[in-house]
Amino acid sequence: MSSRSVSIAYYDPFGVAPHIIRDIQSRLPLRNLHWNHPPRPLRTVAALSLNLYEDTLADGPPAPQHQMPGLLDTPYMRIILVKCEDNETYRTNVRKVIRDWFTTKVASQRDSTEWMIFFFDPNVSNGTNSAAASLRFKPSVFNKIKADFNTSSKEDRCVLVKMGLDPADDLKMWTDAMTSIREGILDAFGKRVQMYEDEVKKMEAKRTIPGWNFATFFVMKEGLALAFENVSLLEDALIQYDELEATFIQLMQDNTITFFQSVGFSPDTATKLLTSDSDYAIRHQILENNISLFDFRCYLFSRQASLLLLLMSTSTSSSMTALRISQLLLRARNFALETSKMLVSNGKNKFLVSSWVYGIIQEVMDATEVQPRVIQGGRTRDVAEGRAELLLLARSSIEQLAARKGWHADDESAYEDVDLAVDASSDEDEDQLLDKYLNPKLKEILKNQSSFMNSYMDLTDLARSYYESADRTRSVDKLRAQMAIIKYQQKDYEAAVALISSLPQLYLHQGWELISTNLFIIYANCLFHLDRKEEYLKVALQIIAGKKSVSRALISELCIKVIEICGEMDSDVLFSLDSLFETSLSKRIMVSDNEDDIFRVTMQVQNPFNVDWPIHSISARLVEPAGMKYKVLFRSVDDVLLKADMTTEVILYTTHSVPGVYEVDNFEFKVGTLLLTKDFLGEQKLPNQRMRLYQQPGNMNVKLATPRSIRLDSPKRVIVEIYTGWNDVESAKVTARSASSGVRLIVADAKGAKARDGAEEEDKEHFDLRVVPDVTSIIEFDQVDRESVVYLTMSYVAEVDVKELYLRVLVEFKTKGGEYYSVAVLRHTSIALSLAVNVQDIFKSSALFSKFSISCVGAVVPLRILSGKLIESVDYTVQSGSGTDCEYVAFPKQPVTYAYRIQRSDTYSERKTQHPVPLLLEIKYRRLEDEMRHSVSELVKRKLGDDHRLRKYMILVELHILALLKVDLVSYGFLERITMGLYVGSQWAVLLSFIDDVDRPSLEQILEDIYSQDMPRDPEEVLSPLTKELVIPVDVPTVQVLFTLELLYTPTLLNSVDAPEASPMQFVFSDEVFYVGVPIPITVRLSSSRHWAPRHTPDVFEKSDIEFAYDIIASPESWLVSGKKKGHFVVSDEVFKLQLLILPLKHGNLLLPTLEVHPSSKAHEHITAEVEYKNSAESVLVLPEVSNVNLAVE
């Protein structure tokens, strides 16, 4: 489709056109025209085509023209071509011709038209004479024309066209000429736009006046649109038509438009809207109020469509092309729907209207058919969606016509917007009418029902593919459903299944339950006919689940089929339990009333169907809330029959006990190969429903302990204690694994023992264990009587410092009655030592004195130290101090201390080549916390053990009361009484919620009684099983040399240096009184001994003389030392002596100076040495030197 163009009429009375017009046409179209017309923004026309045609002056008066500007079709510019040789000719002939042309063609026109005079000079400038002649008369004629016809509004309307110029001058001449044409066209266009706008404003201002003529307004505003279209401003032109359409619709809604003579539409109405050649005639009909409503709407749409097609063809990008196409498709759909509705409502033949709609859609689809690459990009979806909408509209037209013959694509369709309930009766006149005027393509489609169905399916599939390109998934699903229903009616079940398989679920998720159910029914019937049992089962269950929208009869039929198919299939099928049955679980786990390890819960199941459902198994899985480490599965014992329309109570059992708090995790119903499940996760989690699985006395139980006697130089061990309770165990399998990071349990070297429950340590008897090959964490044993305890002692290796040892223990056992049970627990025990031992050694020449301080580890864990013995060995003898067999309590920062005198035995020297055998420090102790916990546990057992109804809660209450136990251990250590404190109900609220409502008041009364107790410490025979023994190997320390130092008071040194040495026994510091400032003579006596040297290493002093250094250390505030304070000596058997004078500087009891000894060379720093200082902590009495004291009494 070509756009309108600007017309230029030229008048050639002198035969000049052959010399000029070709040059003008060669410079067309005009490019890059810029039109600025405020308040509109600047418009740019990239290329403007011009229609040059020759005009004539007709003889006689001019033909009358319509005075409405909108109907005028006048050129934008008129040009007269003039040739004249001299002024005389110009005056007598040429000027009159120009004036007649101006009067006839320019001055008489209402539309703004620019005009120009092209003066042609035919002479070729080949020489000087011809040039002189040209200068002599040609310019004067041209100037005369300019003087006569140039106006004040446009100074230069005359253009001189010369022949024979050089290329540069010729280019400049024609550039100026084309610029004049360009400016003239823009001026004319601007004036016309202004004129039309002024007229339109005037008419709009009178719109509310009665009798306002819409036709006149339409023609005037369309004139403005045509003006824009002429200069290729197509978007501005389209805006004018859109505004006209909006005004027309508003007037129709207000019912204020009355100029239409009729509705229009005849059987032979042409459908070619996009190629109409009668626009001018239609505009005259509009102005004369002689047009039908149908023709007017068709004309308005055709003008809009034509502009959109022009915009599409001139778009510079694929995105803009797609935008124009999508706009046209949308407008065409709306136009077809609204116009067809208007025609049918006004009594027009609906079948001819459908034929007309089909033809319109064909025309638009053909006009917008472009190469796919042209519309690639972001707007492809819009184009695809628009084409799909038109295809569905065309399909509706075909359905309308097919319904007349009694053909229906889908009698059960719930999707179509078009009412298919059309009267199939027809008369012969209508048949003849349709046969004559029906669209030829429609005749081909409707020649038989098969052709109709094929065309219907082709259109549907094509529309579906377009919707897929447009990402209109819901529309795609809708069309797939329609195609599937048709295939189902045609009994093409394979094709129907391929189309419908995912649709029911999609509609269900979107909330269209009724549609989903109907599709499920069709889907199920297809699968049933195809004998695809597993798929049919899943779909049938979906239909049953949507029972609200399905008849009970159909539901019952499906239930029976499902139950039958479940027994015939091999593979399991999963489905939601909630969709079929309503279930609930009891709030508590119940223990057995018999002597067995069975636990049970009760489930209520409501069957809403009119069919009995046989259930082969029912199970409920419980999990721990935190981390879901442990799981317990409760199962039904026998098959369960859920009666129709009834609620059935089912008891579920488990023989696998894992004590703890649980939440419901999963329900499972097994019906043949059908597995119905319900998961309680996330939002499906049951609120406030936690259940406690607790053991009662008599159940198999597992505890964890450390050996009563621990020797530090032996491997670390832990004891798993298995209490059989009332179970006579025939065989058992124990799986033990470490749950502590960095701890490895060594099960392969496990040792076994057993005893009656409550027996003494010495009553344990060894029995054989079997470690399962290749599975080192599993131990097996046989034949253990009831009320017995099995002790499994295993070693472990801790690669990191661990205070608490956690073990996961699983015991699976078979009783002598043939029942199988299991119990899984997570147990922990403290493996950190409860006490710390510090030792201080004091070397003497004849003996070693060792002081052991035993303190509790931790700030609030006092210990009861029962005894502390240091056992002598073959190399050493030990003498204990008093009180080593007495009982003491070690409080924090108050250790218990034992002292021992150690000497070498007589056989020590005989075993020189052997390492000395260490001593053993045996400490027996109990933790005060263990004593208290034991007392409280025994109290709970006494209170609950006598009540047969409450006895089952004994372990549960014991564990909780011990967890809440907060008693002042220091107070207990001093007073040896336990005060429980007050019973706080809030601390027991959660646990009591797990207790049966009948038993709860009695249990609360007992708890209040327990908390009111003020208990003394249990007697020793009761607490003795709690006693622990720690055996610590003690290596007797050795030193390579022992120095004995002694300060002797030698007053004879003051009289004579050479005086003989006085006996030290005669002069004792404590027997003397010394005075400040009076020197005290002393002798330092230093001897060395290698009595405590290690016997298995060579004596370093036998090879060479080794020097040591001494240093006298005295307080500078107390003593002044005179003599050799520092020096060296050689270690030997001889006694080293040194004389000194010490001078007291203050009075009082002053400690004597001390002496330090150390190797004099760094090479001997490895030699170990100790000093026995006999004057350690010895003081002397120093008095002030005063002879007289004067006392004054006032």
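The structure this text deals with has already been given above.
Because the structure is predicted, anything quoted here is derived from the model rather than measured.

## What to know about the sheet that holds strand β46 (residues 1119-1122)
Thinking step 1. Strand order across the open sheet formed by 5 strands is β46-β48-β44-β42-β51, with mixed pairing between neighbours. On the outer flanks of this sheet lie β46 and β51 (1169-1173), each paired with one strand and no other. Across the sheet, the mean angle separating the axes of adjacent strands is 30° when strand polarity is ignored.
Thinking step 2. With 8 bridges joining them, strand β42 (residues 1041-1049) and strand β44 (residues 1080-1089) adopt antiparallel strand pairing. For T1044, the partnering residue across the bridge sits in β44 and is S1087.

## Notes on the nonpolar core
Thinking step 1. Ranked by size, the top nonpolar core spans 235 residues in total, and within it F118, I181, F214, F581, W613, F669 and L674 carry the most contacts.
Thinking step 2. With residues near it in sequence (within four places) discarded, W613 still touches C559, V562, I563, L580, F581, N607, V640, L641, L642, V671 and L674.
Thinking step 3. Judged by nonpolar contacts, the second largest core, of 32 residues, contains V702, L807, V811 and F813.

## Thoughts on the packing of helix α9 (residues 318-345) against helix α10 (residues 350-367)
Thinking step 1. Interaxial distance between α9 and α10 falls to 10 Å at its minimum, and their mutual angle equals 170°. The angle between α9 and α10 falls in the class roughly antiparallel. Contacts from L328, L329, A332, F335, A336, T339, S340, L343 and V344 of α9 reach α10 at K350, V353, W356, V357 and V364.
Thinking step 2. Its residues placed into classes, the contact of α9 with α10 shows 11 nonpolar, 2 polar and 1 charged.

## A short note on the environment of V734
Thinking step 1. With respect to the helices, strands and loops of the structure, V734 is situated in strand β24 (residues 729-738).
Thinking step 2. Dropping the residues within four chain positions of it, V734 is found in contact with I722, S777, I778, I779, F781, L792, V809, L810 and V811.

## So, empty space enclosed by the protein
Thinking step 1. All chains considered together, the criterion is met by 3 cavities of 30 Å³ or more.
Thinking step 2. Of the voids in this model, the largest cavity is the one considered here, and its volume is about 40 Å³.
Thinking step 3. Among the elements of the structure, β2 (30-35), β3 (43-48) and α4 (167-205) are those that each provide at least two residues to the lining of the largest cavity.
Thinking step 4. Broken down by element, the lining of the largest cavity gets its largest block of residues, 3 residues, from α4.

## Concerning the sheet that holds strand β52 (residues 1179-1183)
Thinking step 1. An order of β43-β52-β49 is seen for the 3 strands of this open sheet, with the pairing classed as mixed. For this open sheet the edge positions go to β43 (1073-1075) and β49 (1148-1151), each flanked by a neighbour on one side alone. The sheet shows a mean angle of 45° between the axes of neighbouring strands, taken without regard to direction.
Thinking step 2. In terms of strand pairing, β49 meets β52 through 4 bridges, oriented antiparallel. Bridged to L1151 within β52 is S1179.

## Focus: the packing of aromatic side chains
Thinking step 1. Within this structure, the stated rule accounts for 44 aromatic pairs.
Thinking step 2. Taking 6.1 Å as the distance between ring centres and 50° as the angle between the ring planes, the aromatic pair formed by F214 and F218 counts as tilted. On the criterion of helical spacing, the pair formed by F214 and F218 is a turn pair, its members being 4 residues apart in helix α5 (residues 214-230).
Thinking step 3. What makes F214 buried here is its relative accessible area of 3%.
Thinking step 4. Here the aromatic residues W212, F214, F217, F218, F248, F296 and Y299 are joined through ring pairs into a cluster of three or more.
Thinking step 5. The ring of Y76 has R192 lying over it, and the distance from NZ or CZ to the ring centre is 4.1 Å.
Thinking step 6. Over the face of the ring belonging to Y723 we find K703, whose NZ or CZ atom lies 5.0 Å from the ring centre.

## Overview of the pairing of strand β37 (residues 896-904)
Thinking step 1. Residues V896, Y898, Y900, I902 and R904 point to one face of β37 and are all buried, whereas T897, A899, R901 and Q903, pointing to the other face, are not buried.
Thinking step 2. When strand β35 (residues 876-880) meets β37, the two strands line up antiparallel, connected through 5 bridges. Counted as the bridge partner of Q879 is R901 from β37.

## Side note on the pattern of salt bridges
Thinking step 1. Under the definition given, this model contains 60 salt bridges.
Thinking step 2. Among the salt bridges present, the one from D999 reaches R949, with a minimum N-O distance of 2.4 Å. Of this pair, D999 sits in the loop between α24 (989-992) and α25 (1000-1011) while R949 sits in the loop between α21 (928-945) and α22 (954-964), placing them 50 residues apart in sequence.
Thinking step 3. Taking the relative accessible area as the measure of exposure, D999 reaches 5% and is therefore buried.
Thinking step 4. Salt bridges here are not isolated pairs; linked through shared partners, they connect R864, E887, R926, E931, E976, R1017 and E1020.

Scoring rules and cut-offs
- Residues numbered from 1 in each chain as written.
- Predicted model: local features only at pLDDT ≥ 70, side-chain atom pairs only at ≥ 80, totals over all residues.
- Heavy atoms only, no water.
- Pairing = 2+ DSSP bridges.
- Helix = DSSP H or I, 4+ residues; strand = E, 2+ residues; numbered from the N terminus.
- Axes fitted to C-alpha atoms, helices over the stretch in contact; angles between N-to-C directions.
- Core = buried A, V, L, I, M, F, W, Y, C linked by side-chain atoms within 4.5 Å.
- Buried < 20%, exposed > 50% of the residue type's maximum accessible area, 1.4 Å probe, protein only.
- Contact = heavy atoms within 4.5 Å.
- Parallel < 35°, antiparallel > 145°, perpendicular 65-115°, else oblique.
- Nonpolar A, V, L, I, M, F, W, Y, C, P; charged D, E, K, R; others polar.
- 1 Å grid on protein atoms, 1.4 Å probe; cavity = no way out; pocket = protein on both sides within 12 Å on 5 of 7 lines; lining within 4 Å.
- Points joined across faces, edges and corners; volume = space filled by probe spheres on them.
- Phe/Tyr/Trp six-rings, centres within 6.5 Å; stacked < 30°, edge-to-face > 60°.
- Lys NZ or Arg CZ within 6 Å of the ring centre and 35° of its normal.
- Salt bridge = Lys/Arg side-chain N within 4 Å of Asp/Glu carboxyl O.

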